[in-house]
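Structural overview
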Amino acid sequence: MKVQPVGIIGTGKYVPERILTNQELEQMVETNDEWIVTRTGIKERRMAAAAEATSDLAFEASKKAIEAAGLTAKDIDLIIVATITPDMFFPSTACLLQDKLGAPQAAAFDLSAACSGFIYGLATATSMISTGLYKHVLVVGAETLSRITDYTDRNTCILFGDGAGAVVLGHVEEGRGFKSFELGADGSGGELLKVGGGGSRMPASAESLSEKQHFIHMAGNDVFKFAVRIMGSAAEEALAKAGISKEEIDLLVPHQANIRIIQSAMNRLRLSEDKAMINLHRYGNMSAASIPVALAEAVEQDRVKKGDCLVFVGFGGGLTWGASVLIW
Ligand code: UT7
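Only a predicted model underlies this, so the values are computations on that prediction, with no experimental measurement involved.

1. Quick look at the sheet that holds strand β8 (residues 177–185)
- Spatial ordering of the open sheet is given by β8-β13-β12-β11, a layout of 4 strands whose pairing is mixed. Only two strands of the sheet have a single partner each, and these edge strands are β8 and β11 (251–254). When strand polarity is set aside, the average angle formed by the axes of neighbouring strands in this sheet is 10°.
- In this sheet, strand β13 (residues 320–327) lies alongside β8 in antiparallel orientation, the contact comprising 8 bridges. In the strand pairing of β13, Gly184 is matched with Trp321.
- Along the sheet face, helix α8 (residues 220–242) touches β8, β11, β12 (309–316) and β13 and points at about 145° away from the line of β12.

2. Observations concerning the environment of Met231
- Turning to its location among the elements, Met231 is positioned in helix α8.
- Taking relative accessible area as the criterion, Met231 reaches 1% and is therefore assigned buried.
- Sequence spacing of Met231 and Gly314 is 83 residues, and the spatial spacing of their C-alpha atoms is 6.4 Å.
- Those residues in contact with Met231 that lie beyond four places of it in its chain are Pro254, His255, Ile261, Ala265, Val313, Gly314 and Phe315.

3. Comments concerning the site of the ligand
- Taken together, 21 residues lie around the ligand, and Thr31, Arg39, Asn221, Asn258 and Asn285 are the ones closest in.
- At 3.4 Å from an oxygen atom of the ligand is found a side-chain nitrogen or oxygen belonging to Trp35.
- At 2.9 Å from an oxygen atom of the ligand is found a side-chain nitrogen or oxygen belonging to Arg260.
- Isolated, the ligand exposes 950 Å² of accessible area, and the fraction of that covered by the protein chains is 75%.
- Where the shell around the ligand is concerned, the elements lending two or more residues are α2 (33–40), α6 (154–157) and α8.
- Of the residues forming the shell around the ligand, the biggest block, 4 residues, is contributed by α8.
- Looking at side-chain class alone, the shell around the ligand contains 9 nonpolar, 8 polar and 4 charged residues.

4. Section: the sheet that holds strand β6 (residues 137–144)
- Spatially, the 5 strands line up as an open sheet ordered β1-β7-β6-β4-β5, and their pairing is mixed. The open sheet has two edge strands, β1 (6–14) and β5 (107–111), and neither has a second partner. Between one strand and the next, the sheet's axes are offset by a mean angle of 20°, whatever the strand orientation.
- For strand β4 (residues 78–82) and β6, the ladder comprises 5 bridges, and the chain directions are parallel. Bridging across to β6, Ile79 finds its partner in Leu138.
- The strands touched by helix α3 (residues 54–68) within the sheet are β1, β6 and β7 (162–171), with β1 carrying the most contacts at an inclination of about 130°.

5. Here we look at unusual backbone geometry
- In this structure, the amide linkage connecting Phe90 to the following residue, Pro91, adopts the cis form with an omega of 0°.
- Residue position: Pro91 is located in the loop between β4 and α4 (93–101).
- Located in the positive-phi region is Lys212, a residue other than glycine, with phi close to 60°.
- Among the secondary structure elements, Lys212 is positioned in the loop between α7 (206–210) and β10 (217–218).
- Judged by its relative accessible area of 32%, Lys212 is partly exposed.

6. Examining the domain arrangement of the protein chain
- Its domain assignment divides the protein chain into domain 1 (6–175) and domain 2 (178–327).
- Spacing between the C-alpha centres of domain 1 and domain 2 amounts to 14 Å.
- Across the contact, 53 residues belong to domain 1 and 51 residues belong to domain 2.
- Where domain 1 abuts domain 2, roughly 3,900 Å² becomes buried across the two surfaces, and 66% of that area is made up of carbon and sulfur atoms.
- When the area that domain 1 buries against domain 2 is broken down by residue, the three leading residues are Lys13, Cys115 and Ile119, summing to 17%.
- For the pair domain 1 and domain 2, the interface holds 4 salt bridges.
- When the shortest N-O distance is used, the salt bridge between Asp150 and Lys212 registers 3.6 Å.
- Here domain 1 and domain 2 share 21 residue pairs in polar contact (both at pLDDT 80 or more) between them.
- Every element with two or more residues in the side of domain 1 that touches domain 2 is listed here: β1, α2, β3 (44–47), α5 (117–130), β6, α6 and β7.
- Top contributing element to the side of domain 1 that touches domain 2 by residue count: β7, with 7 residues.
- Here the residues of the side of domain 1 that touches domain 2 are counted per class, giving 24 nonpolar, 17 polar and 12 charged.

What counts and what doesn't
Residues numbered from 1 in each chain as written. Predicted model: local features only at pLDDT ≥ 70, side-chain atom pairs only at ≥ 80, totals over all residues. Heavy atoms only, no water. Pairing = 2+ DSSP bridges. Helix = DSSP H or I, 4+ residues; strand = E, 2+ residues; numbered from the N terminus. Axes fitted to C-alpha atoms, helices over the stretch in contact; angles between N-to-C directions. Contact = heavy atoms within 4.5 Å. Buried < 20%, exposed > 50% of the residue type's maximum accessible area, 1.4 Å probe, protein only. Near = heavy atom within 4 Å. Polar contact = N/O pair within 3.5 Å; in protein donor to acceptor, adjacent residues only side chain to side chain. Areas by Shrake-Rupley, 256 points an atom, 1.4 Å probe, with all protein chains shown as cover. Nonpolar A, V, L, I, M, F, W, Y, C, P; charged D, E, K, R; others polar. Domains from an automatic or database assignment. Buried area = accessible area lost by both parts, 1.4 Å probe. Salt bridge = Lys/Arg side-chain N within 4 Å of Asp/Glu carboxyl O.

This is the structure:
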């Protein structure tokens, strides 16, 4: 039986209004705009309002993606939210989103693969549509990283921001859609990037709070080396699986962690920088939301045309990584 291809039929994004600039960070920690821009490429990032949680950001992005797909919430039969900053332990952010959207017919679950979560979500949704289990799947990457960022730690607080991106996946015509996925994990590197407190290993306590265990802890340099190695190789693996050459790439949509990491991936793929969708100077690293927000902006800016070859590639805590090739 021939399987009908699966692709992206709608995109949407939402970022909170409040902008946190490098100049403001200079007042908070021992840092400066020049260091942040040259070492990371980031100039500003967004911060959720006090009353905004991850599901609120996800809701705004999802409404746009569903509308762009020409559907209503009633047409969505599965919701996957990739996040490491859920509203709460449970119910899942996907269930909260299902209720906000008014999609009672949809199954819903969260997916935890840190910054690679959105690509893991795309792979999961594509498989489920291909097998005939579901028809229209909403995949969301949404984060309020400001809630787990220590604004006294200059190693991390300069990097992260809040936002949400959403896509609707469904059947597309022959020749289009997802051509390959490359997912991976290396749990032995889990210590390099984590929030240790609040789980069953270290339940919240006065001690865990005073030790700042509920914030992101990161060995930046080690994560950087891993990222430089894995971004290029994961993209190459996905291309090889798809039988597509580097020269055929029209747009790379990478995880937006650090401009130097993106540039090294571009060098390895021998692509010029104009073939990458880059928006990290405005948003910083939004973990699972980075790739879908970048994609939604590429669509808004008419940077993707029917038939274009897109490559998504990301890495993150876990450690995890993922890449995918899509014909738009
Ligand atoms: O989604 C995945 C999440 N994580 C990542 O993507 C992180 C990947 N890693 C990185 O992007 C980079 O490692 C960082 C941007 C975090 C750090 O850049 P780096 O070039 O690796 O700097 P470094 O950690 O080697 O630090 C160099 C110097 C140090 O000073 P000394 O020891 O040489 O005197 C740091 O203390 O820069 C200092 N430094 C800062 N200076 C000003 C570290 N953070 C800052 C800062 N402002 N914010």
